[in-house]
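Summary of the model geometry
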Amino acid sequence: MCGVCGVLLADPKALCAPPLLEALHFLQHRGQDAAGIVTCGPRGRLYQCKGNGMIRDVFNQQRLLGLIGNMGVGHLRYPTSGSSANSEAQPFYVNSPYGIVLSHNGNLINAPALKRYLDQDVHRHINTDSDSELLLNIFAAELEKTNKVRVNEEDLFTALAGIYRECRGAFACVGMLAGFGILGFRDANGIRPLVLGERKNSNGASDYMLASESVTLKAQGFNSYQDILPGQAVIISKSTMKPIIRQVVPIASYTPDIFEYVYFARPDTVLDGISVYRSHLAMGEKLAANIVNRFGGLEKLQKEIDVVIPVPDTSRNAALQLSIALGVKYREGFVKNRYVGRTFIMPDQQSRRSSVRTKLNAMEMEFNDRNVLIVDDSIVRGTTSKEIVQMAREAGAKKVYVASCAPPIRYNHIYGIDLADTKELVAYSRTEAEVANAIGADDVIYQTLDDLVAACAGESDKIKEFEVGVFTGKYVTGVENGYLEHLEEVRFQNARFKKLGKQANMTAMELIVNGDGEGKAEVDIGLYNQGDY
């Protein structure tokens, strides 16, 4: 899961870097592993700043001043398969043909086949393990077929059709062609979100922005916005400043990843016409009904549960609505340290355990001598949940029940959320009672899948189904033969590389010399990167 954005300003002398940086700040929750911006200035020259870390680690005022031009694209990386090194920070760039820059959110499930195709058939070199570089080079290879000095919108749409033909999986992308304009496109199942916004200036001219979430657009005055539909693309040339939106391929399905609504998207975002905030409220309502049923009625439940406590931040809205439905008081029992990142993406179990204690602190006054119902958005590996239950008991809780707004996660996520390999998931091959035992809770109550889908689809007249493969093992695109094994191997090697590098403070060259892996390049070889200096 990543955050992408792109902007084209009507004023050719304006600087797009400030609004791009602001957009990235609104999307920081979507990626804390790396950040980057590439802009395009006079004569089609590109300017870049990217690197590992959060926005504050990569950008400063001096670096921002070096990002010249009125159009550009930005990216925030969340650790997905293959992505860990500084050189894998996006946006990616290829100089031929025409100078293409691309930011990608998602994951391609036929990456090994694409890599062979690019090597053996079109002879394009791939320098990283990121499938985003594969997607960029597929686009470049298709665009190269035009064999023209300059391309137009029709050429770009033709090349984009080649991406849909060759690439399988999830992708919401924002790209830029040097000196030409920006573009955005979304996979044929709409798994990953993409929104186009327009902002009218006082002189009547319009600025345009593409982003992963609507909140990014509204916050900067792009109040007229629309979702890019599955299989759809938009191209905005700087010469015309008119968006051309086209259905490049037919809609295969309209099935957004339901985890966007459970966990990733901000509550003040509207994705594909669905309010994330309202979907959280509905999750709380439906989970409450399930809990009442588990306890054998509301009266029995109210005698057993003294207080409802959310795990901050993403479960708060659902927990509040759940407490209202149950008639049980709601309390903030955990205080969150906002300067610690998400725990389930950390590289090993020990890091996750220690981070939970750093991230959350239990207030004894809300737990002592009470039976507590802790509400979380989901339970992944169970490491965080186990620590939270233990913290509640240490704070004096008599009984600890855990309720999850999502159903049991029993299968790999293949579209860009690096949850865990299947066997690391706490619900894998376990019943609810066994999960409760594994995390030390008195009981675990999960949302049903039907209720979760109904909670998210309740407001929409367009979407009635979602990508729910993490719960069912059935993915909307299907799975390429051997892909799950490939994904787990990539994750293993990535984690091993990080661990070895940190333990010995090794460079990529030292890892190669010592026979401990291929090594990953420390820097990108394409454009001068202000983030390296």
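See above for the structure.
Attention in this report is confined to the structure presented alongside it. Every value quoted in this text rests on a predicted model; they were computed, and no experiment measured them.

1. Focus on the sheet that holds strand E12 (residues 232-237)
As summarised here, the arrangement of the 6 strands in space is E5-E6-E7-E8-E12-E13, forming an open sheet in which the pairing is antiparallel. Strands with a single pairing partner mark the edges of an open sheet, and in this sheet they are strand E5 (92-94) and strand E13 (243-247). Across the sheet, the mean angle from the axis of one strand to that of its neighbour is 20 degrees, orientation sign disregarded. As paired strands, strand E8 (residues 181-186) and E12 are joined by 5 bridges and run antiparallel to one another. Counterpart to Leu 183 in the pairing with E12 is Ile 235.

2. Thoughts on the nonpolar core
Counting 52 residues, the largest nonpolar core has Phe 259, Ile 291, Leu 322, Leu 373, Phe 466 and Phe 471 as the members making the most contacts within it. Mapped by element, the contributors of at least two residues to this core are helix H8 (259-264), helix H9 (276-295), helix H11 (316-326), strand E19 (371-376), strand E20 (399-404), helix H16 (449-457) and helix H17 (469-472). Here this core takes 7 residues from H9, the largest share from any one element. Excluding anything up to four places from it in sequence, Leu 322 contacts Gly 284, Leu 287, Ala 288, Ile 291, Val 308, Leu 373 and Val 375.

3. A closer look at the pattern of salt bridges
This model, assessed by the stated rule, comprises 28 salt bridges. The partner of Arg 357 in a salt bridge is Glu 387, with the nearest N and O atoms 2.8 Å apart. With Arg 357 in helix H12 (residues 349-359) and Glu 387 in helix H14 (residues 383-394), the pair connects residues that are 30 residues apart, well separated along the chain. In this structure Glu 387 comes out as buried when scored by relative accessible area, which is 13%. As a salt-bridge pair, Arg 381 and Glu 424 come within 3.4 Å of each other at their nearest N and O atoms. Taken together, the residues Arg 381 in the loop between E19 and H14 and Glu 424 in the loop between E20 and helix H15 (432-439) connect sequence positions 43 residues apart. Arg 381 sits in the buried class, given a relative accessible area of 13%. On the basis of relative accessible area, Glu 424 is assigned to the partly exposed category, the value being 40%.

4. A few points about H15
Of the positions making up H15, those classed as buried are Val 435, Ala 436 and Ile 439. Angular distribution of buried residues about the axis of H15 spans 100 degrees; they occupy a single face of the element. Exposed residues on H15 whose side chains face more than 90 degrees from its buried face are Ala 433 and Asn 437. Two residues or fewer past H15, Gly 440 is found with a positive phi of approximately 80 degrees.

5. Focus on the packing of aromatic side chains
If you walk through the whole model with that rule in mind, you get 9 aromatic pairs. An aromatic cluster is present here, built from Tyr 78, Tyr 263 and Phe 264 joined pairwise through their rings. For the cation-ring pair, Arg 246 lies above Phe 157, with the distance from its terminal atom to the ring centre recorded as 4.3 Å.

6. Details of the packing of H9 against H16
One can describe the packing of H9 onto H16 by two numbers: an axis separation of 8 Å at closest approach and a directional angle of 145 degrees. The handedness of the crossing between H9 and H16 is right-handed. On the side of H9, the interface is formed by Ser 279, Ala 282, Met 283 and Lys 286, while H16 contributes Asp 451, Leu 452, Ala 454, Ala 455 and Cys 456. Grouping the amino acids of the contact of H9 with H16 by side-chain chemistry returns 6 nonpolar, 1 polar and 2 charged.

7. Describing the environment of Gly 44
Here Gly 44 shows up in the loop between strand E2 (34-40) and strand E3 (46-52). In this structure, the C-alpha to C-alpha distance between Gly 44 and Ala 178, residues 134 residues apart in sequence, is 4.9 Å.

8. Notes on the pairing of strand E1 (residues 3-8)
Across the 6 residues of E1, 6 count as buried, placing the element largely inside the fold. Side chains Gly 3, Cys 5 and Val 7 project from E1 onto one buried face, and the interleaved Val 4, Gly 6 and Leu 8 project onto a second face that is buried too. As defined by bridge partners, E1 adjoins strand E4 (residues 71-77) across 6 bridges and the pair is classed as antiparallel. Along E4, the bridge assignment pairs Val 7 with Gly 72. Here E1 runs beside strand E10 (residues 206-211); their pairing, made up of 4 bridges, is antiparallel. Of the residues in E10, the one forming a bridge with Cys 5 is Ala 211.

9. Side note on the sheet that holds E4
The 7 strands are arranged E3-E2-E4-E1-E10-E9-E11 in an open sheet whose pairing can be described as antiparallel. Because the sheet does not close on itself, it has two edges, and the strands there are E3 and strand E11 (224-227). Averaged over all neighbouring strand pairs, the angle between strand axes comes to 10 degrees, with direction disregarded. Where E2 and E3 come together, 7 bridges link them in antiparallel fashion. Its bridge partner lying in E3, Ile 37 is registered against Cys 49.

The rules behind each value
- Residues numbered from 1 in each chain as written.
- Predicted model: local features only at pLDDT ≥ 70, side-chain atom pairs only at ≥ 80, totals over all residues.
- Heavy atoms only, no water.
- Pairing = 2+ DSSP bridges.
- Helix = DSSP H or I, 4+ residues; strand = E, 2+ residues; numbered from the N terminus.
- Axes fitted to C-alpha atoms, helices over the stretch in contact; angles between N-to-C directions.
- Core = buried A, V, L, I, M, F, W, Y, C linked by side-chain atoms within 4.5 Å.
- Buried < 20%, exposed > 50% of the residue type's maximum accessible area, 1.4 Å probe, protein only.
- Contact = heavy atoms within 4.5 Å.
- Salt bridge = Lys/Arg side-chain N within 4 Å of Asp/Glu carboxyl O.
- Arc of directions from axis to C-beta.
- Phe/Tyr/Trp six-rings, centres within 6.5 Å; stacked < 30°, edge-to-face > 60°.
- Lys NZ or Arg CZ within 6 Å of the ring centre and 35° of its normal.
- Left-handed = near helix turned anticlockwise from the far one by under 90°.
- Nonpolar A, V, L, I, M, F, W, Y, C, P; charged D, E, K, R; others polar.

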